[in-house]
Amino acid sequence: MDIIQIIEKKKLGKALSQQEIAYFTQGATDGTIPDYQLAALLMAIRLNGMNRSETSQLTLAMAHSGDMLDLSAIEGVPVDKHSTGGVADTTTLIVAPLVAACGVPVAKMSGRGLGHTGGTIDKLESIPGFSTAMDMDAFIAQVKRIKIAVIGQTRDLAPADKALYLLRDITSTVDSLPLIASSIMSKKLASGAQAIVLDVKTGAGAIMHTMEESIELAQVMVRIGADAGRSMIALVTDMDEPLGSHIGNALEVKEAIDVLAGRVKGPLLSVSMELGAQMLIAADAADNIEKAKQMLHAALVSGQGMEKLKELIVAQGGDPKVCDEPGLLPKAKYIQDVRLTKNGFIHSMDTQRIGYLAQNMGAGRKTKKDVIDPSVGFVLHHRIGDTVHTGDVIATVHAKSPEDVALAQEELLQAITILPEPANPLKLVHAIVTPDDIITL
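Residues numbered from 1 in each chain as written. Predicted model: local features only at pLDDT ≥ 70, side-chain atom pairs only at ≥ 80, totals over all residues. Heavy atoms only, no water.

A few points about the overall build of the protein
When you go through the protein residue by residue, the secondary structure sums to 16 helices and 14 strands. What you see for the protein is a C-alpha radius of gyration of 21 Å, in line with the 22 Å of a compact globule of 441 residues. If one aligns the C-alpha atoms of the protein with their principal axes, the spans along those axes are about 65 × 45 × 40 Å. Relative to its 441 residues, the protein shows a buried fraction of 58%. The contacts in the protein between residues at least 6 apart in sequence include a share of 77% that link residues at least 24 apart. (Helix = DSSP H or I, 4+ residues; strand = E, 2+ residues; numbered from the N terminus. Rg over C-alpha atoms; globule rule 2.2 N^0.38 Å. Buried < 20%, exposed > 50% of the residue type's maximum accessible area, 1.4 Å probe, protein only. Contact = heavy atoms within 4.5 Å.)

Right, dumping it as structure tokens:
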């Protein structure tokens, strides 16, 4: 079999066979196909797509490219949650401890930043000492002991995806439905969780910009999971503005800590509660949304969610003092406010542009070898629908250089649209997708 012929076939929009998909997946895994040819194939897939059969075959091939984890030794129903990626999307750091505090085992494998979107692993690694590397026996043992573990993708779990994931980030092929679906679901199938809740973002800051694309992606993924015997549900949630107010790795950890401490409410907490409720139902810990939200609220106000986050940090080598003293997190050298030059109402935010700004400041990667600066980013002080005035602080920039401060000031003022007419806040959850149904909200 010849990789050039496979590239040519997909370049012409033809469907690949199971054998051809298995061949290039194996080549990505063992390094026998060079990056430049894999990159060409990824672009051909991005431009011409894959049908349902191809996407399923790619998912299974990547899942079985390494170890398939067995979580049957864990008491209860192990549950996982995954977001397709957004800006200031820090729900895992909030919802995973809350769900675990409710007694449900959370066996979570997370990813790094991809394109303009942040990554949970990068955020957790901004906590001093925190390690996301763990062998599978230790992963299972930790979930059994404290009900929660959050790790990065191991070398032996879906290694084909790991190779392709890094290439997607640097070849402008992030926003491909079959590549997104197969990447996410191969890891989920390989990592063994029996119940999976997906958070599929839609809007300007999402990988999928339209509702139709986002619902299609959700359907593809829940069907793949259901066919593999997993309990599946997806929420389609808004990403036309950053979900939280803090953007950047250490800053997003701080915001998650503030939410669990009860100091901050708002959209980030609201979406976390919606996802957490679905996780409890999927794990048979609650039989309806109202009961599930009551359980999560009790874990929040009692401080059990915060205690579970501390347990997680200790178990994975981090310093739990950051939960009581967020100032221990990495700090940027330059911190400066950005002030508005007009009155009006915030109508929109170019969320993708905001995400790429954070990446350009060092919060994300442009190449596989880039090292992230955990301290940089910015804090937004207003949301869509807010009334603002000349001189108001719209954001606070955390940067490594004066040049980055200037860049952020210019970009943020251009990314936020202010008009004279009032504007309404955005809806947070647009749809619920199951293997058999779509419920629009």
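Some details on the pairing of strand β2 (residues 106–109)
Here is the key point about a regular strand: its side chains alternate between the two faces of the sheet. Residues Val 106 and Lys 108 line one face of β2 and the alternating positions Ala 107 and Met 109 line the opposite face, and both faces are buried. Pairing between β2 and strand β3 (residues 148–151): four bridges, direction parallel. Within the sheet, the bridge partner assigned to Ala 107 lies in β3 and is Ala 149. (Pairing = 2+ DSSP bridges.)

Side note on the nonpolar core
Of all hydrophobic cores here, the largest spans 80 residues; its most connected members are Val 99, Phe 378 and Leu 412. When residues of this core are assigned to their parent elements, the largest contribution, nine residues, is made by helix α12 (residues 267–282). Excluding residues within four positions of it along the chain, Phe 378 makes contact with Ser 245, His 246, Ile 247, Leu 251, Ile 354, Leu 357, Ala 358, Met 361, Thr 396, Val 397, His 398 and Leu 412. In terms of nonpolar packing, the next biggest core, distinct from the first, is built from 25 residues, Met 185, Leu 189, Met 221 and Ala 234 among them. (Core = buried A, V, L, I, M, F, W, Y, C linked by side-chain atoms within 4.5 Å.)

A word on the sheet that holds strand β7 (residues 334–339)
Taken in spatial order, the four strands make up an open sheet running β6-β9-β11-β7, and their pairing is antiparallel. On the outer flanks of this sheet lie β6 (246–247) and β7, each paired with one strand and no other. Note that β6 and strand β9 (residues 377–380) share two bridges and pair antiparallel. When the bridges of β9 are listed, Ile 247 appears paired with Phe 378. Helix α16 (residues 402–415) rests against β7, β9 and β11 (393–399) of the sheet, and its axis sits at about 25° to β7. (Axes fitted to C-alpha atoms, helices over the stretch in contact; angles between N-to-C directions.)

Things to note about the environment of Cys 102
Mapped onto the secondary structure, Cys 102 falls in the loop between α5 (91–101) and β2. Counting along the chain gives 178 residues from Cys 102 to Leu 280, while the straight-line C-alpha distance between them is 8.3 Å. Other than its neighbours up to four places away in sequence, Cys 102 contacts Leu 280, Met 295, Leu 296 and Ala 299.

Remarks on the environment of Ala 226
Mapping Ala 226 onto the fold places it in helix α10 (residues 211–227). Given the relative accessible area of 29%, Ala 226 is considered partly exposed. Along the primary structure Ala 226 and Pro 435 are separated by 209 residues, whereas in three dimensions their C-alpha atoms are 6.7 Å apart.

What to know about the state of the cysteines
The tally for this structure, following the rule as stated, stands at zero disulfides. Just so you know, Cys 102 is unpaired, no disulfide at all, and the nearest cysteine sulfur is the one on Cys 323, 18 Å from it. (Disulfide = S-S within 2.5 Å.)

What to know about the packing of α12 against helix α13 (residues 289–301)
Here α12 crosses α13 at 120°, and the two axes come no closer than 8 Å. It follows from the interaxial angle that α12 and α13 lie oblique. Considering only the axes of α12 and α13, their crossing is right-handed. Facing α12, whose interface residues are Leu 269, Met 273, Glu 274, Gly 276, Ala 277, Gln 278, Leu 280 and Ile 281, α13 presents Ile 289, Ala 292, Lys 293, Met 295, Leu 296, His 297 and Leu 300. Broken down by class, the residue content of the contact of α12 with α13 amounts to ten nonpolar, three polar and two charged. (Parallel < 35°, antiparallel > 145°, perpendicular 65-115°, else oblique. Left-handed = near helix turned anticlockwise from the far one by under 90°. Nonpolar A, V, L, I, M, F, W, Y, C, P; charged D, E, K, R; others polar.)

Description of helix α3 (residues 35–48)
With 14 residues, α3 should reach 20 Å at 1.5 Å per residue; the first-to-last C-alpha distance of 20 Å fits that figure. Looking at the packing, one finds that the buried side of α3 touches α1 (3–11), α2 (18–30), α8 (159–170) and α9 (177–191). Where α3 ends, the next residue or the one after it, Gly 49, has phi of about 75°, a positive value. (Expected span 1.5 Å × (residues − 1).)

Things to note about the sheet that holds strand β8 (residues 344–349)
Ordered by their spatial adjacency, three strands build an open sheet running β10-β8-β12, and the pairing between neighbours is antiparallel. Of all the strands in the sheet, the pair left with one neighbour each is β10 (387–388) and β12 (416–419). Where β8 lies against β12, four bridges are found, and the strand directions are antiparallel. Across the sheet, the residue bridging to Ile 346 is Ile 418, located in β12. With respect to the sheet, α16 is in contact with β8 and β12, its orientation differing from that of β12 by roughly 50°.

Some remarks on unusual backbone geometry
Although it is not a glycine, Ala 158 adopts a positive phi angle of roughly 45°. For Asp 284, which is not glycine, the phi dihedral falls at a positive 65°. Within the secondary structure, Asp 284 sits in the loop between α12 and α13. A relative accessible area of 65% means that Asp 284 is categorised as exposed.

Observations concerning the side chain of Lys 81
In this structure, Lys 81 sits in strand β1 (residues 79–83). A polar contact is formed between the side chain of Lys 81 and the side chain of Thr 92, at a distance of 2.7 Å. Not counting chain neighbours up to four residues away, the residues in contact with Lys 81 comprise Thr 91, Thr 92, Val 95, Lys 108, Lys 188, Val 197, Leu 275 and Met 279. (Polar contact = N/O pair within 3.5 Å; in protein donor to acceptor, adjacent residues only side chain to side chain.)

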